[in-house]
Amino acid sequence: MSAAAPRSIWSSRWAFILVTVGSAVGLGNIWRFPYMTGAQGGSAFVLVYLLCVALVGLPLLMAEILIGRRGRGNPISAMLKVSEENGASPWWGLLGWVGVLGALLILSYYSVVAGWIVDYIYQTVSGVKVMTPEAAKQHFDDLLADPLQLIFWNTIFLALTVGVVARGVLSGIERASLLLMPALFIILLFLVFWGGMVGDMRAAWHFMFDFKPELLTGQVVLSAMGHAFFSLSLGMGAIMAYGSYLDKHTSIAHNSFWIALADTLVGLLAGLAVFSFTFAHGLKASSGPGLVFQTLPLVFAHMPGGQVVGAFFFLLVLFAAWTSAISLVEPFVAWMTERLGIHRAVAAWGTGLAVWLLGVAVCLSLNDWSGWKLFGLNLFDQLDYLTSRIFMPLSGLAIAVFVGWIMSRKNVRDEITLPAAHFLIWWRILRYVTILAIVMVFVYRLTNPDP
Ligand code: PHE
């Protein structure tokens, strides 16, 4: 389906669910969720994250799809159109801009991490085995210390992503998602099972689900909320863009529910698997972004048939990252083609080049330029911090205000076809709870700046 034609419609309700799950399920679930949970003390983070998905993420997912469908265009045009329809200021169009540009910032480091996955596929297929935790760590550290390798793998991944967007064909991805997303789910279930057999599942479970209130800090709450946004692809135009191809009769509420559930389950399963191996090998859960990359290769090296399972697993993760990355580029490319009339391929490769240039700086920030820090963070961490903890929540807040308070209730009601009582529950949550939750987290952070 051509994303450039705003009036295109997904071929079915399933297609919509699949591509949206494709956007939501990605490195956020398999790489980011486990390492964030590990770094932020486990269960406290998980609990706040689940609360945020229910009270902030899901209501906003519906709101964002709603704007996209009503506006029927790229996020910037959609925001302008829906603002106009509701007599609101055209300044709301800025919200579309924040999303579209924020998405490109995310992509600049997201694709570097996806590049690591490509390297791991290559290593696994070539039979490299790391038998000890030290070797696994060394391997990861060596990769990060080598800017040329990082840039090389990043270039490959970005080219894959931009190549698809340039062709403007989402149907290939739609069909592939249909096959590969369930495969990812099954192999994750297998890994959880394997974790139960040879890992320390009990410790993993306690770590993730035994609530310890003393671990709850402002930092944990902010990062858990940020992760709920990141994982559900919120506030960055991606969901709005996909919503703009949704037909009028598909229920936004029901489908959003399934999308949020699938996304959350994948994260929880990945966390359980990763931690059961982490603890069994005596590794530290708090080792940061390298967690998955230092734990899983070790598991595969010791597993019978691990070379095949490992290669297959990393391939599926690559695919999950790919479908997410596509949804990060698509909104801006859609805007350039629709608004500026630029040829889709030129728009896509041009955008890719800009993201690639920033990506080179991100690669260097992990080694040669690692001394260059702002607020103690290198460029890689800064981009992650800025987008997930500031851009996404603020943009989410604006979306909640827009749909909850600016749009006329009639127009909102037009799109959300729930029975009246259920509609009211969602609407009130969006108008009060979601907004208050985001504001409170921000105010708390500003007044309690902990490290
Ligand atoms: N949700 C994706 C993931 O979990 C990342 C993403 C964020 C995609 C924002 C699109 C928009 O990996």
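Quick caveat, the model's predicted, so the values are computed rather than measured. (Residues numbered from 1 in each chain as written. Predicted model: local features only at pLDDT ≥ 70, side-chain atom pairs only at ≥ 80, totals over all residues. Heavy atoms only, no water.)

Close contacts around the ligand come from 14 residues, with Ala24, Gly28, Tyr110, Phe230 and Ser233 the closest. In this structure, Ser23 approaches the ligand through a main-chain N or O atom, which is 3.3 Å from a nitrogen atom. Here the ligand has 320 Å² of accessible area as a free molecule, and 100% of this is covered by the chains. The pocket occupied by the ligand, as judged from atoms lying within 2 Å of grid points, is the second largest cavity. Secondary-structure elements contributing two or more residues to the shell around the ligand are α1 (13–24), α2 (27–39), α10 (218–231) and α14 (306–340). Its residues assigned to classes, the shell around the ligand shows six nonpolar, eight polar and no charged. (Near = heavy atom within 4 Å. Polar contact = N/O pair within 3.5 Å; in protein donor to acceptor, adjacent residues only side chain to side chain. Areas by Shrake-Rupley, 256 points an atom, 1.4 Å probe, with all protein chains shown as cover. 1 Å grid on protein atoms, 1.4 Å probe; cavity = no way out; pocket = protein on both sides within 12 Å on 5 of 7 lines; lining within 4 Å. Sits in = over half its atoms within 2 Å of the grid points. Helix = DSSP H or I, 4+ residues; strand = E, 2+ residues; numbered from the N terminus. Nonpolar A, V, L, I, M, F, W, Y, C, P; charged D, E, K, R; others polar.)

Let us now look at the side chain of Thr337. Inspection of the secondary structure puts Thr337 in helix α14. The exposure class assigned to Thr337 is buried, which follows from its relative accessible area of 13%. At a separation of 2.9 Å, a polar atom in the side chain of Thr337 contacts the main-chain carbonyl oxygen of Ala334. (Buried < 20%, exposed > 50% of the residue type's maximum accessible area, 1.4 Å probe, protein only.)

Phi is positive for Arg72, close to 45°, though the residue is something other than glycine. Even without being a glycine, Ser233 presents a positive backbone phi close to 60°. Mapped onto the secondary structure, Ser233 falls in the loop between α10 and α11 (238–243).

Okay, helix α13 (residues 291–302) next. With 12 residues, α13 ought to run about 16 Å at 1.5 Å a step, and its terminal C-alpha atoms sit 17 Å apart, in line with that. Most of α13 sits out of view: 11 of its 12 residues are buried. Considered for burial, the residues of α13 that qualify are Leu291, Val292, Phe293, Gln294, Thr295, Leu296, Pro297, Leu298, Val299, Phe300 and Ala301. (Expected span 1.5 Å × (residues − 1).)

With that out of the way, let us pick up the nonpolar core. Grouped together as the largest cluster of nonpolar side chains are 159 residues, with contacts concentrated most on Trp116, Phe313, Val403 and Trp426. Looking at this core, the element that brings in the most residues is α14, giving 18 residues. Excluding residues that lie within four positions of it along the chain, Phe313 makes contacts with Ile30, Ile187, Leu188, Leu191, Leu296 and Phe300. (Core = buried A, V, L, I, M, F, W, Y, C linked by side-chain atoms within 4.5 Å. Contact = heavy atoms within 4.5 Å.)

Moving on, we get to the layout of surface pockets. Space inside the largest pocket adds up to approximately 530 Å³. What lines the largest pocket is a set of 20 residues, among which Phe375, Leu377, Asp381, Tyr385 and Arg389 lie closest to the centre. Of all the secondary-structure elements, those providing two or more residues to the lining of the largest pocket are α2 and α16 (379–406). If one sorts the elements of the lining of the largest pocket by residue count, α16 sits on top with seven residues. The dominant element in the lining of the second largest pocket, judged by the number of residues it contributes, is helix α12 (residues 252–280), at six residues. (Points joined across faces, edges and corners; volume = space filled by probe spheres on them.)

So, about the pattern of salt bridges. Counting across every chain of the model gives eight salt bridges. Note that Glu415 and Arg70 form a salt bridge whose closest N and O atoms lie 2.9 Å from each other. Remark: Arg70 occurs in helix α3 (residues 43–71) and Glu415 occurs in helix α17 (residues 409–415); sequence separation between them is 345 residues. We classify Glu415 as buried; its relative accessible area is 2%. In this structure Arg70 comes out as buried when scored by relative accessible area, which is 16%. Each of the salt bridges in this network shares a partner with another, and the network as a whole consists of Arg69, Arg70, Glu85, Lys248, Asp414 and Glu415. (Salt bridge = Lys/Arg side-chain N within 4 Å of Asp/Glu carboxyl O.)

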